[in-house]
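Structural features, examined
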4 protein chains.
Amino acid sequence: MSRLELVKTGSGESGVGSGSPDPLPTPDSPLPGSHKLWGGRFAGGTAPALERLNRSLDVDFRLWPFDVELSKAWAVGLWSAGVLTREDSARLEQGLDAVGRRLAAGTVEPLPSDEDVHTLIDRLLHEEVGDLAARLHTGRSRNDQVATATRLWSADACRRLDGALRELQQALVTQAESLGSAPMPAYTHLQRAQPVLAAHWMLAHFWPLERDRARLVAAGRAASASLPLGAGAVAGSAYPVSRVLLKESLGFAAPSANSIDAVGDRDFVAELLFALALVGTHLSRLAEDLILFGSSEFGFVRFGDAYSTGSSMMPQKRNPDALELARATGGRVLGDLTALLATMKGLPSGYNKDMQEDKRALFDAVDATLLVLPAAAGAVAELTFDTARMRAALTSGMMATDLADYLVRKGATFREAHAAAGSLVRQAEERGCELDALPAEAFAAAHPLFGDDARAMLSPDASIALREIDGGTGPAAVRAQLAHAKEVLHPPKLTPGNGVAAIVG
Amino acid sequence: MSRLELVKTGSGESGVGSGSPDPLPTPDSPLPGSHKLWGGRFAGGTAPALERLNRSLDVDFRLWPFDVELSKAWAVGLWSAGVLTREDSARLEQGLDAVGRRLAAGTVEPLPSDEDVHTLIDRLLHEEVGDLAARLHTGRSRNDQVATATRLWSADACRRLDGALRELQQALVTQAESLGSAPMPAYTHLQRAQPVLAAHWMLAHFWPLERDRARLVAAGRAASASLPLGAGAVAGSAYPVSRVLLKESLGFAAPSANSIDAVGDRDFVAELLFALALVGTHLSRLAEDLILFGSSEFGFVRFGDAYSTGSSMMPQKRNPDALELARATGGRVLGDLTALLATMKGLPSGYNKDMQEDKRALFDAVDATLLVLPAAAGAVAELTFDTARMRAALTSGMMATDLADYLVRKGATFREAHAAAGSLVRQAEERGCELDALPAEAFAAAHPLFGDDARAMLSPDASIALREIDGGTGPAAVRAQLAHAKEVLHPPKLTPGNGVAAIVG
Amino acid sequence: MSRLELVKTGSGESGVGSGSPDPLPTPDSPLPGSHKLWGGRFAGGTAPALERLNRSLDVDFRLWPFDVELSKAWAVGLWSAGVLTREDSARLEQGLDAVGRRLAAGTVEPLPSDEDVHTLIDRLLHEEVGDLAARLHTGRSRNDQVATATRLWSADACRRLDGALRELQQALVTQAESLGSAPMPAYTHLQRAQPVLAAHWMLAHFWPLERDRARLVAAGRAASASLPLGAGAVAGSAYPVSRVLLKESLGFAAPSANSIDAVGDRDFVAELLFALALVGTHLSRLAEDLILFGSSEFGFVRFGDAYSTGSSMMPQKRNPDALELARATGGRVLGDLTALLATMKGLPSGYNKDMQEDKRALFDAVDATLLVLPAAAGAVAELTFDTARMRAALTSGMMATDLADYLVRKGATFREAHAAAGSLVRQAEERGCELDALPAEAFAAAHPLFGDDARAMLSPDASIALREIDGGTGPAAVRAQLAHAKEVLHPPKLTPGNGVAAIVG
Amino acid sequence: MSRLELVKTGSGESGVGSGSPDPLPTPDSPLPGSHKLWGGRFAGGTAPALERLNRSLDVDFRLWPFDVELSKAWAVGLWSAGVLTREDSARLEQGLDAVGRRLAAGTVEPLPSDEDVHTLIDRLLHEEVGDLAARLHTGRSRNDQVATATRLWSADACRRLDGALRELQQALVTQAESLGSAPMPAYTHLQRAQPVLAAHWMLAHFWPLERDRARLVAAGRAASASLPLGAGAVAGSAYPVSRVLLKESLGFAAPSANSIDAVGDRDFVAELLFALALVGTHLSRLAEDLILFGSSEFGFVRFGDAYSTGSSMMPQKRNPDALELARATGGRVLGDLTALLATMKGLPSGYNKDMQEDKRALFDAVDATLLVLPAAAGAVAELTFDTARMRAALTSGMMATDLADYLVRKGATFREAHAAAGSLVRQAEERGCELDALPAEAFAAAHPLFGDDARAMLSPDASIALREIDGGTGPAAVRAQLAHAKEVLHPPKLTPGNGVAAIVG
């Protein structure tokens with residue numbers, strides 16, 4: 001929306017004194033020309049407080065393309081059931097196309113009585129085809145309708161998310177490739193652990209995203225697994241609409257097996273939210289690494305100007321806002337997942353109005369992720385690495401494991417070897433020197449099997465070269481890993497649905 | 001916002017085919033005339049993906065009255081520190097008042113470069129007072145500024161929430177009063193347990209809300225406990241502004257004790273969210289009771305037309321949407337609380353950009369609660385009770401406890417008595433009759449102490465009359481409870497801060 | 001454990017006065033004979049407060065069968081890498097088998113120095129094979145070891161959970177079958193909506209569990225997808241152990257692709273917890289239905305004596321404790337999922353000690369689910385249905401949709417028809433009669449198309465018979481659904497991995 | 001418990017092959033000598049699956065001191081109501097004391113039939129005083145009993161937690177004091193922001209804990225606010241027990257106002273869990289700071305040997321396990337809070353069995369916090385600071401704000417000044433030098449008001465000295481802050497309930 005409108009609305013309802021900007025407009029009067037899909041049995045009007053609470057158009061408006069699509073399928077279905085003539089069915093389809101064009105053009109003015117997107121489209125369809133529009137609601141209910149539209153939206157969102165994830169993966173692969181054979185410390189417990197290739201570290205963030213993509217494919221498949229349309233309000237439609245025809249035309253794997261479950265099931269929303277909660281978790285860990293490595297103390301990376309912000313007070317600051325907001329996404333989406341599951345918990349079977357809140361959580365999580373992924377991809381793409389500082393951080397104590405391994409190869413048990421290497425580390429600390437600065441006697445005293453060649457173990461490159469095990473940090477292993485990563489990102493030929501769905505990592 | 005704008009925006013960016021309505025506009029070009037409060041050190045522009053992610057104006061716009069207020073206080077503070085002349089300080093105050101008037105009038109058009117409410121107000125102030133505006137940012141930072149504005153907003157929200165809660169409490173009290181001495185079953189495990197006055201049940205929902213109000217008072221106090229303004233970015237302002245003067249003029253109890261903590265603390269947001277999570281929990285339990293009691297099977301209450309909705313398919317439906325959405329609020333606000341705590345967890349001390357997300361959770365929870373409370377109050381106020389059905393549900397088995405108590409009073413132990421009453425219940429079940437339809441011999445056989453007067457124990461009114469213990473369901477006890485409830489709702493005289501703050505229940 | 005031990009421990013550490021039973025023993029003295037796998041570099045001992053905090057044996061003890069299994073595979077792997085002779089490798093395997101037998105026999109006394117299950121097994125292995133045991137830790141780390149053991153445990157748990165879910169599904173199918181053609185109301189918004197077959201409602205709880213089973217298969221597959229063993233602490237093992245051999249012998253699909261990710265990834269735990277959170281959600285909805293239907297007011301089901309509990313005060317009570325605890329499982333497991341995701345959020349890549357907490361959440365969720373599923377299955381199996389009350393609840397207003405459909409078939413639009421049926425519902429309410437008791441004139445006045453046959457629409461059986469759409473409640477459709485349910489539960493022939501993995505519903 | 005028992009149990013039930021250690025024993029046979037407090041109405045026995053699920057003794061056993069205490073008060077109450085003679089009441093009190101002594105001595109062997117702590121104590125009391133024990137259950141229910149015992153336990157836990165928090169606060173104060181006037185960088189966005197005294201940073205972690213203590217006082221007060229005992233199962237006790245006497249003897253502020261609310265309210269558990277969730281959040285932020293500052297790259301602190309652990313693979317490691325587990329506590333306790341709130345959401349009023357799960361969450365959160373606080377306090381106490389490295393990290397760019405402030409004092413606006421300082425920062429970066437190494441001409445070119453004294457602004461000590469504002473990092477301000485911290489930790493005289501309860505920060 002234009003910010004003007006935002007400001008007008010926000011401020012129009014509160015003075016400086018009141019300090020109570022109310023985010024929602026208040027319809028105080030009865031709604032003229034309502035196209036509500038119910039009401040015959042009610043004597044009075046609806047209370048404004050309930051109208052405000054119940055109204056979901058600002059949330060569910062974005063479902064419109066899918067509501068139009070399923071409505072067209074339903075028009076055909078009613079023809080298949082003998083409820084509509086071929087001509088009427090076609091007129092409804094054309095009318096719905098016209099409605100879709102108007103909505104796409106942005107020329108529609110919603111009325112206060114348009115309580116949700118279904119009601120809005122019903123009103124517009126009346127404007128297009130007159131009373132014939134009233135026949136479209138035959139044998140369906142908003143319960144099966146909204147479940148179907150939300151499934152279609154979710155499946156589409158999974159596709160969009162896949163693309164955004166791939167962009168971030170591509171940025172990681174490109175950086176990994178450009179890092180070549182530069183070494184850096186790997187950390188556990190945030191303590192320097194062992195030397196690794198920087199490309200190996202960068203790719204450590206690639207595989208979680210690959211698992212995420214597989215989960216999103218599965219979530220999209222779950223959304224498209226089972227078509228609610230035809231379930232009616234709860235008992236199944238009374239018209240012999242071909243659900244096979246419906247599921248085919250809307251791209252579902254099967255019609256729902258049970259109409260009560262069909263209108264009351266939101267597992268597919270939970271699956272998508274969970275997949276995004278893990279995306280958020282992975283982004284938070286990538287962001288944490290980069291924020292750390294971009295600090296003055298680490299100094300391994302420098303954030304690009306285009307992805308840094310300054311401070312209103314401190315002229316020297318170069319803040320990694322994009323990454324911090326990426327880190328926060330983990331918390332935000334976890335909140336959305338918690339909201340959905342807590343809302344569903346303990347509901348009786350079938351549809352309950354509580355379930356209207358599913359979309360708020362779903363849309364927030366998808367929006368947040370689609371907003372943060374391009375910024376994260378951009379931030380990664382514009383990182384500059386200081387490979388000299390990365391190498392300088394490889395102090396010889398980090399090769400203590402290699403020293404122990406040396407003794408093992410000479411015949412010591414690992415426990416003895418670990419203890420001997422540990423005692424050398426302690427001596428170095430006490431003397432305030434690096435491990436490789438200890439005198440030969442110290443080595444000899446620590447273990448009789450230490451020979452003159454022991455000190456050669458303290459080279460990071462030697463340490464890395466020893467780790468050519470599959471998935472290890474040896475140069476050949478990392479080259480193979482990089483090739484593997486590129487292959488999953490750009491599969492040689494796209495045989496649909498395979499490759500992507502396998503959980504990798 | 002007008003729905004027109006919403007629709008225009010939503011649909012303008014997606015075709016029917018794409019199905020990808022993007023909720024946020026995309027500034028593709030460099031921002032003209034930016035009033036960003038930083039930038040001197042950066043060579044290039046900011047990436048559009050980061051601009052989109054970073055921009056918080058649509059969320060934090062509502063802070064404007066408080067940002068104007070604290071800016072006025074800061075202008076005075078700068079005078080007190082000798083940074084501004086009295087005249088300049090006064091001109092800034094007047095300029096800020098003018099900005100406030102423009103914002104209140106809704107005539108302001110935000111620019112793409114207004115990244116947040118602070119930047120927007122800075123730009124407007126330049127329009128009012130020229131370069132003098134640039135002096136206002138002396139010695140302060142957005143870090144202390146936004147923390148202060150959010151605290152002021154939160155304290156105000158607590159006051160608004162208190163009013164909305166009181167309305168619901170009032171509706172409960174009014175209904176309790178009108179229920180008089182009508183009895184109904186109390187349930188545990190959703191099994192009929194013992195007879196109570198319906199007023200007693202209604203008031204069982206009053207006291208949790210009274211605890212909520214006390215928690216909101218505490219949350220408001222926490223928000224106002226400690227003034228961040230003057231903490232600067234993190235180390236404290238370098239100008240000797242009187243923080244005592246600031247805290248007095250802005251209504252805080254004290255200046256913050258530590259500048260690092262001042263800009264990094266969001267405990268007050270968590271407290272408010274937690275208080276609202278319990279409000280949501282209480283609403284969900286009230287709603288659950290009412291939804292159950294309004295089912296055809298219970299039939300104790302009938303929902304008012306103005307607070308019921310119909311079905312698009314089933315003409316006979318009378319759905320308690322307001323109550324179902326009230327039940328869902330418990331899940332939604334729990335999600336907001338989880339989001340905040342998960343976001344704060346593990347952040348380094350001081351300000352981190354992740355904390356920008358605090359407001360999204362805070363505003364969502366407050367908005368949701370302020371939207372649902374009036375609807376819940378209205379729904380309660382318009383309930384009609386079917387006291388005949390409530391009384392009819394008091395089957396004599398519910399007085400089995402009274403039968404056991406009778407034996408206790410005659411000298412049996414409670415365990416014996418419980419067993420004897422239990423065996424009568426079983427016999428009645430086996431014969432398919434009510435407890436009071438068992439023959440006298442059955443009573444005599446169950447326990448020798450049963451006399452002719454035992455059957456009188458099976459009257460619900462007698463059972464209720466026996467429970468005059470404080471807080472019990474005896475008629476006098478309930479009258480006293482009702483008087484107590486009215487008193488806490490309308491305290492005789494408002495001695496500030498007492499009464500309300502005590503946790504009751 | 002025997003409750004004696006529990007009580008001894010609990011009470012031994014607290015007096016009545018102190019009221020502070022501390023759940024954990026306190027080792028106050030240095031640990032004798034420690035088999036800690038580290039320590040050479042440390043001058044002093046470990047603080048008791050850290051020992052207590054760090055010690056995980058009481059949590060991770062249950063991993064022992066898997067730690068023994070992977071250690072045997074590692075012994076072979078070290079032989080394949082030329083680190084061990086064939087004889088030493090075999091002696092280690094035999095020693096590990098002996099350790100496994102001792103642990104299985106329950107004759108092992110843990111020492112205070114056994115900080116975790118890995119340390120315990122290391123000590124026992126020393127007791128079996130002497131210093132050779134010290135060679136087993138060559139080239140591996142607790143980081144890759146615990147990740148592997150936890151994956152093996154998780155995959156096994158998925159199999160056990162599948163069995164427990166199938167039992168509950170079987171109970172639902174059996175009840176559905178025995179319900180035959182008995183009708184009952186279906187509810188939406190807990191308002192009577194439309195008549196359905198009771199078997200249809202029962203099966204509405206079958207399909208969510210079928211989706212759960214599919215998710216557990218996927219979670220088990222995710223646990224077995226990627227073998228961490230060989231990743232070492234973080235950089236990959238320095239010994240050329242064949243990871244293909246390892247993954248084959250331990251039943252994994254592939255070795256992990258990146259050693260940093262291998263030790264730092266807990267996605268598989270999150271997936272299992274999420275699958276269980278949905279199991280818990282589904283159990284909560286099943287339980288809610290049954291608790292409602294078992295209330296005196298609904299009276300549709302009676303809980304079996306073996307699955308009901310009484311009240312210590314009210315002799316007549318028959319409480320559905322099993323179902324209430326099943327409902328609570330939804331909240332408990334959501335808590336475990338939240339704990340895991342919030343713990344992982346924002347951690348740097350690689351292993352961090354925070355991740356030790358993964359097992360607490362994982363084990364709690366699996367234990368809770370395995371405890372509640374048999375009780376839920378038993379409670380369902382012992383339900384008795386009161387089909388007469390279920391039928392009696394089918395008031396004619398529930399067929400209002402059929403009345404509207406009648407008009408549609410006569411040529412009215414659904415909107416007109418809905419309004420006409422709604423007005424009849426309102427008249428019936430005003431007259432205090434059922435819909436089918438309205439006079440013919442009322443029908444005629446409501447819509448001219450109403451004929452003499454309209455009243456026949458008000459039969460529940462007719463309404464049900466009309467809904468033979470796939471997944472609908474028509475008798476033939478429900479028979480087909482039941483056959484479908486049995487087939488997925490007992491697939492005709494087990495072609496591995498198909499059928500089960502498809503998401504159904 | 002002794003680890004032997006643990007191991008015996010765990011392993012006794014699973015073979016190596018099965019891989020399914022079942023954590024709970026299975027009573028397969030009917031329970032002999034049951035002291036169940038109900039059962040008269042049931043024909044058959046309870047199903048083993050329900051027994052297992054329902055049994056809560058292993059969780060609620062720790063309530064025993066409080067159950068004994070409230071039972072003694074109830075014995076007196078029954079005398080006050082004329083139900084018991086003075087002698088019988090006294091015999092019950094003595095019997096309960098004897099039961100308490102047995103439980104404290106740890107000589108009690110629980111039977112399979114002891115389903116919860118109340119049933120266990122009832123059985124023991126029968127052993128002490130014979131049939132008189134059966135009179136104690138007169139007029140009370142496990143519903144009011146367990147709510148009362150849990151409140152007493154919670155209030156006691158708050159006291160214990162306060163002590164543990166104070167220890168950590170004391171460690172922070174001691175370290176702050178010993179840091180004297182050593183300077184270090186303060187960070188925002190993890191970028192070096194401004195110089196502060198290290199003591200100031202340390203105290204930034206003191207105030208959040210002070211707020212925590214205030215919240216725990218409030219949570220303890222909430223637990224003691226309202227006595228459930230006397231509420232019976234739901235309707236109030238039928239015996240005129242003096243609830244004023246009860247609340248006085250048990251230390252509550254008031255009897256509960258409504259018996260239905262009294263047995264169904266768990267707000268006090270939620271409040272305690274929330275207070276602990278914030279404790280966990282604060283610990284996580286303290287831990288994050290220390291883990292960062294203890295990395296080789298920061299090198300500001302060194303962890304004490306007694307609070308570090310090693311690696312089973314890497315001899316050089318010194319891992320801050322205590323701090324990492326402290327960081328994880330934030331996630332774990334958030335999980336407990338989520339579990340409780342999600343469990344309570346949507347329950348009908350009054351007692352439901354779901355609420356039994358409150359104790360699992362409560363005890364886990366309190367145990368976790370009491371385990372981690374001493375370890376955190378110890379870890380803080382044994383930190384060694386490298387003040388030379390802290391000072392060395394104060395690069396002159398951090399004083400850019402002071403440079404801007406200098407221009408402001410000379411008459412520039414802050415915006416101009418910020419831009420000028422920013423441009424100098426950029427030049428220094430481009431030249432690869434520090435800000436104070438730029439030539440004088442660069443300063444002059446950046447802004448005409450820069451004089452010779454500008455460079456003096458680039459001293460960290462000067463920067464710190466300028467921030468003597470309340471709560472700022474100036475040396476005198478920090479001395480005052482330290483004095484304030486000591487005062488709140490050791491208030492001069494203990495006037496009950498003041499000082500502590502004020503929210504500080």
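Our subject is the structure listed above.
Here's what I pulled together on the structure shown here. (Residues numbered from 1 in each chain as written. Chains lettered and ligands numbered in written order. Predicted model: local features only at pLDDT ≥ 70, side-chain atom pairs only at ≥ 80, totals over all residues. Heavy atoms only, no water.)

The description of two helices packed together rests on the angle between their axes and the distance between the axes. Residues and elements named next belong to chain D. Contact geometry for helix H12 (residues 267-293) and helix H14 (residues 358-381): axes closest at 10 Å, N-to-C directions at 30 degrees. In terms of axis orientation, H12 runs roughly parallel to H14. As for how H12 packs across H14, the hand of that crossing is left-handed. Note on element contacts: H14 touches H12 through Asp 358, Ala 361, Leu 362, Ala 365, Val 366, Thr 369, Val 372, Leu 373, Ala 376 and Val 380, opposite Val 269, Leu 272, Leu 273, Leu 276, Val 279, Leu 283, Leu 286 and Leu 290. (Axes fitted to C-alpha atoms, helices over the stretch in contact; angles between N-to-C directions. Helix = DSSP H or I, 4+ residues; strand = E, 2+ residues; numbered from the N terminus. Parallel < 35°, antiparallel > 145°, perpendicular 65-115°, else oblique. Left-handed = near helix turned anticlockwise from the far one by under 90°. Contact = heavy atoms within 4.5 Å.)

Once that is clear, we can look at helix H10 (residues 243-250) of chain B. All names here are of chain B. Along H10, the residues classified as buried are Arg 243, Leu 246, Lys 247 and Leu 250. End-on view of H10: buried residues confined to an arc of 95 degrees, all on one side of the axis. Close packing links the buried residues of H10 with helix H4 (64-80), helix H7 (142-179), strand S3 (226-227) and strand S4 (254-255). Gly 251, located one to two residues past H10, shows a positive phi value of around 80 degrees. (Buried < 20%, exposed > 50% of the residue type's maximum accessible area, 1.4 Å probe, protein only. Arc of directions from axis to C-beta.)

Now for the interface of chain B and chain D. The interface is formed by 114 residues belonging to chain B together with 114 residues belonging to chain D. Taking both sides of the interface into account, the surface hidden between chain B and chain D amounts to around 9000 Å²; carbon and sulfur atoms contribute 56%. Where chain B touches chain D, the interface holds 12 salt bridges. Note that Asp 265 of chain D is salt-bridged to Arg 211 of chain B, the shortest N-O span being 3.2 Å. The leading source of residues in the side of chain B that touches chain D is helix H12 (residues 267-293) of chain B, at 13 residues. Of the residues contributing to the side of chain B that touches chain D, the split by class is 49 nonpolar, 40 polar and 25 charged. (Buried area = accessible area lost by both parts, 1.4 Å probe. Salt bridge = Lys/Arg side-chain N within 4 Å of Asp/Glu carboxyl O. Nonpolar A, V, L, I, M, F, W, Y, C, P; charged D, E, K, R; others polar.)

It is worth spelling out the pairing of strand S2 (residues 191-197) of chain A at this point. All names here are of chain A. Counting buried residues along S2, 7 of its 7 residues qualify, which places the element largely inside the surrounding structure. The pairing of strand S1 (residues 183-188) with S2 spans 6 bridges and is antiparallel. Residue pairing in the sheet places Tyr 187 in a bridge with Arg 192 of S2. The hairpin formed by S1 and S2 contains 2 residues between the paired strands, and His 189 there has a positive phi angle of roughly 55 degrees. (Pairing = 2+ DSSP bridges.)

Turning our eyes to something else, we now look at the interface of chain A and chain C. The accessible area lost on association of the parts is a frequent measure of interface size. Contacts between chain A and chain C engage 114 residues on the former and 114 residues on the latter. Contact between chain A and chain C buries roughly 9000 Å² in total, counting both sides, with carbon and sulfur atoms accounting for 56%. Put simply, chain A and chain C have 12 salt bridges between them. One salt bridge connects Arg 211 of chain A with Asp 267 of chain C, and the closest N-O pair in it is separated by 2.9 Å. The interface formed by chain A and chain C contains 50 residue pairs in polar contact (both at pLDDT 80 or more). With 13 residues, helix H12 (residues 267-293) of chain A is the largest single contributor of residues to the side of chain A that touches chain C. (Polar contact = N/O pair within 3.5 Å; in protein donor to acceptor, adjacent residues only side chain to side chain.)

Here we come to the relation of the copies chain A and chain C. Taken as rigid bodies, chain A and chain C are interconverted by a rotation of 180 degrees and an axial shift of 0.0 Å, the fit giving an RMSD of 0.0 Å. Each copy turns onto its partner about a two-fold axis. A share of 100% of interface residues in chain A that are also interface residues in chain C marks the association as one of identical surfaces. (Least-squares fit on C-alpha atoms with pLDDT ≥ 70 in both.)

Residue and element names in this part refer to chain D. Along the chain, Ala 379 turns up in helix H14. Overall, Ala 379 belongs to the buried group, its relative accessible area being 6%. Not counting residues within four places of it along the chain, the set of residues in contact with Ala 379 comprises Tyr 307 and Leu 323.

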